[in-house]
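Structure assessment
What follows is the residue order along each chain.
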Amino acid sequence: MRKGSFLSKLRPITLGSAMADMALLLLVFFMASTTTEPPRGVEVVLPKGTTRGAEQDSLYMTISRSGDIYFDGNLVELEGLHDNLAMRRGEKDRPVAITADRDLDYAYISRVLGILQEQDFLNVVFMSEPRESIRPPR
Amino acid sequence: MENDNLIVKILQRRGRLKNRPEERSFDSVSIADMAFLLLIFFIVTGSFVLRQGIFFSLPSKTSGSVSLDERQITEVFPVENGFLHNGILLNREGFGRMLRERGKKAADSVLMIHMGGKIRYERLVDTLSVARESGVRRVSLKNADKGGAL
C-alpha cells in the first residue's frame, strides 16, 4: 500500500460494544421467550384436547400408561406422592400439571385427584396436545 | 488530576488552558463473549413448545354442597365410542350440540361427568374439551364406580 494513500489512513475498529449489545439483546429475548423442559420421568402419549393458555410454574406429575407416577421427575408410590405433596404444602397455590398417557385408565387419575384434593392442591392442569381444527368460543 | 499551580488555575478559569478530556473506555469484548455463551446455553436448553392443557379446579374438602335445579344438570357417561346421555349414545358433534342447546335453555348449567374406572383418560380430556367448546363453565367430575364428585 502506498504511503499517504486513502486506505492507509483508515484505522481498523473493533465493534466490541456493538457485539455485546446485540448478544445481550438476543440473550434477553431468549430468556423471556423460551421455557425449560419440565422433569417428566417417562415419555407419554398425550391426549388431544381443546386447550387455552399455556401452563407455567406448575408442579409436574407424569403418569405412565402402566400407572407409574413420577412427581417432579422421580418415581413415587401413591403414599410417596401423599408425603411429597404434604411437604410442599406451601406451594399449594401452584397448579399441578398432570401429564398422563392417553390410554391410562381413569381409575389411576381418580386416585391422584383424590390425593391432590386431600392435600389441598386444587388447581389441576390436564396436559394435552392442542386440537388444531376446533377453536374454543371466546 | 487537579493542578495546584495558581497561574494554571487562572488560565483554566479564563478558558485559555483547557483540561484534556481523559479517554475512558472499557473492554466490552469479554461481555460480548459472556453474553454469547449464555445465549448459546439458552438456545440449547430452552424450548419454544408451549405446554398446553385443560385447567380444572377441584373443590375444597371443606366446601359445602350446592343445590341445583334439575334442568341445570346434564349428566354424561363417556364411553370408548362416544358419550352416553340419558341412555342415548352421542358422537362428539351431537354431544356438543346437545350441550349448547341445554346451555341456552338453562343458564349456568352444570355438566356432570361420570367416569368409569376402566375408561381411558383420553375420554375425560375429550369430554372436558367438548364442554369447553360448548361454553359449559361448570363441570363436576364423578367416579362412576365409587361415587363422590369432584
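Up top you'll find the structure we're talking about.
Note that the coordinates shown come from a computational prediction; the quantities given were computed from them, not determined experimentally. Starting from 1, residues in each chain are numbered consecutively following that chain's sequence as written. The order in which chains are written sets their letters, starting at A; the order in which ligands are written sets their numbers, starting at 1. Confidence filtering applies because this is a predicted model: local features only for residues at pLDDT of at least 70, side-chain atom pairs given and counted only at 80 or more, and all residues used for totals across whole chains, interfaces and linings. With hydrogens and water set aside, each side-chain value is computed from the structure's full complement of heavy atoms.

A tally of regular secondary structure across chain B gives four helices and seven strands. Secondary structure counts use DSSP, requiring at least four H or I residues in a row for a helix and at least two E residues in a row for a strand, with both numbered from the N terminus. Secondary structure of chain B in N-to-C order comes out as α-α-β-β-β-β-β-α-β-α-β. Per-residue accessibility, obtained with a 1.4 Å probe over protein chains only, is compared with the maximum for each type, and a residue is labelled buried under 20%, exposed over 50%, and partly exposed between these values. Out of the 150 residues belonging to chain B, those deemed buried represent 38%. For chain B, the share of sequence-separated contacts (at least 6 apart) that also reach a separation of at least 24 residues comes to 69%. The contact criterion used is simple: two residues touch if any of their non-hydrogen atoms lie within 4.5 Å.

A few words on the pairing of strand E3 (residues 73-79) of chain B. All names here are of chain B. Burial along E3 is one-sided: Thr74, Val76 and Pro78 are buried, and none of Ile73, Glu75, Phe77 and Val79, which face the opposite way, are. Sheet analysis places E3 next to strand E4 (residues 82-85), joined by three bridges and oriented antiparallel. Within E4, the position partnered with Val79 by the bridge is Gly82. At least two bridges found by DSSP between two strands is the condition for calling them paired. In this antiparallel pair of consecutive strands, E3 and E4, the connection spans two residues.

Every contact between the two is made by 47 residues of chain B and, on the other side, 56 residues of chain A. Buried area between chain B and chain A, both sides added, is near 4700 Å², and the carbon and sulfur share of it is 62%. Buried surface area refers to the total accessible area, computed with a probe of radius 1.4 Å, that the two partners give up upon joining, counted for both partners together. Together, Arg51, Gln52 and Tyr121 of chain B form the three largest contributors to the area buried by chain B at its contact with chain A, with a combined 19%. Criterion for a salt bridge: a side-chain nitrogen of Lys or Arg within 4 Å of a carboxyl oxygen of Asp or Glu. Where chain B touches chain A, the interface holds two salt bridges.

Residue types Ala, Val, Leu, Ile, Met, Phe, Trp, Tyr and Cys, when buried and joined through side-chain atoms within 4.5 Å, form a set referred to as a nonpolar core. Within the largest apolar cluster, 43 residues are counted, with the highest numbers of intra-cluster contacts made by Leu81, Ile98, Ile109, Leu113, Leu116 and Phe126 of chain A together with Phe95 of chain B. Excluding its chain neighbours within four sequence positions, the residues that come into contact with Ile109 of chain A are Ile63, Ile98, Ala100, Leu104 and Phe126 of chain A together with Tyr121 of chain B.

With that settled, the discussion passes to the pattern of salt bridges. Applying the stated criterion to the full structure yields 12 salt bridges over all chains. Between Arg94 of chain A and Glu91 of chain A there is a salt bridge, with the nearest N and O atoms lying 2.4 Å from each other. Residue classification places Glu91 of chain A among the partly exposed residues on the basis of a relative accessible area of 24%. For Asp126 of chain B, the salt bridge goes to Arg92 of chain B, with nearest N and O atoms at 2.8 Å. Taken together, the residues span a long stretch of sequence, with Asp126 of chain B in helix H4 (residues 121-133) and Arg92 of chain B in helix H3 (residues 92-105) at a distance of 34 residues. Considered together, Asp126 of chain B and Arg92 of chain B belong to a single accessibility category, that of buried residues. Via salt bridges that share partners, Arg65 and Asp103 of chain A together with Glu80, Arg120 and Glu122 of chain B belong to a single interconnected network.

As a further point, take the packing of aromatic side chains. Two rings from Phe, Tyr or Trp (for Trp, the six-membered ring) form a pair when their centres sit within 6.5 Å of each other. Planes less than 30 degrees apart are called stacked, planes more than 60 degrees apart edge-to-face, and all others tilted. Scanning the entire structure with this criterion turns up five aromatic pairs over all chains. Taken together, a centroid distance of 4.4 Å and an interplanar angle of 15° make the contact between Phe83 of chain B and Phe95 of chain B stacked. A residue pair is termed long-range when its members are at least 10 positions apart, and Phe83 of chain B in strand E4 and Phe95 of chain B in helix H3 qualify at 12 residues. Of the two residues examined, Phe83 of chain B and Phe95 of chain B, each falls in the buried class. Among the aromatic residues, those joined into a ring-pair cluster are Phe126 of chain A together with Phe56 and Tyr121 of chain B. Here, a charge over a ring means that NZ of Lys or CZ of Arg falls within 6 Å of the ring centre while also lying within 35 degrees of the ring normal. One residue, Arg111 of chain A, lies across the ring of Tyr108 of chain A, its end atom 5.2 Å from the ring centre. We note Arg123 of chain B situated over the ring of Phe83 of chain B; from NZ or CZ to the ring centre the distance is 4.8 Å.

Geometric descriptors of this kind do not, in isolation, establish any biological role.
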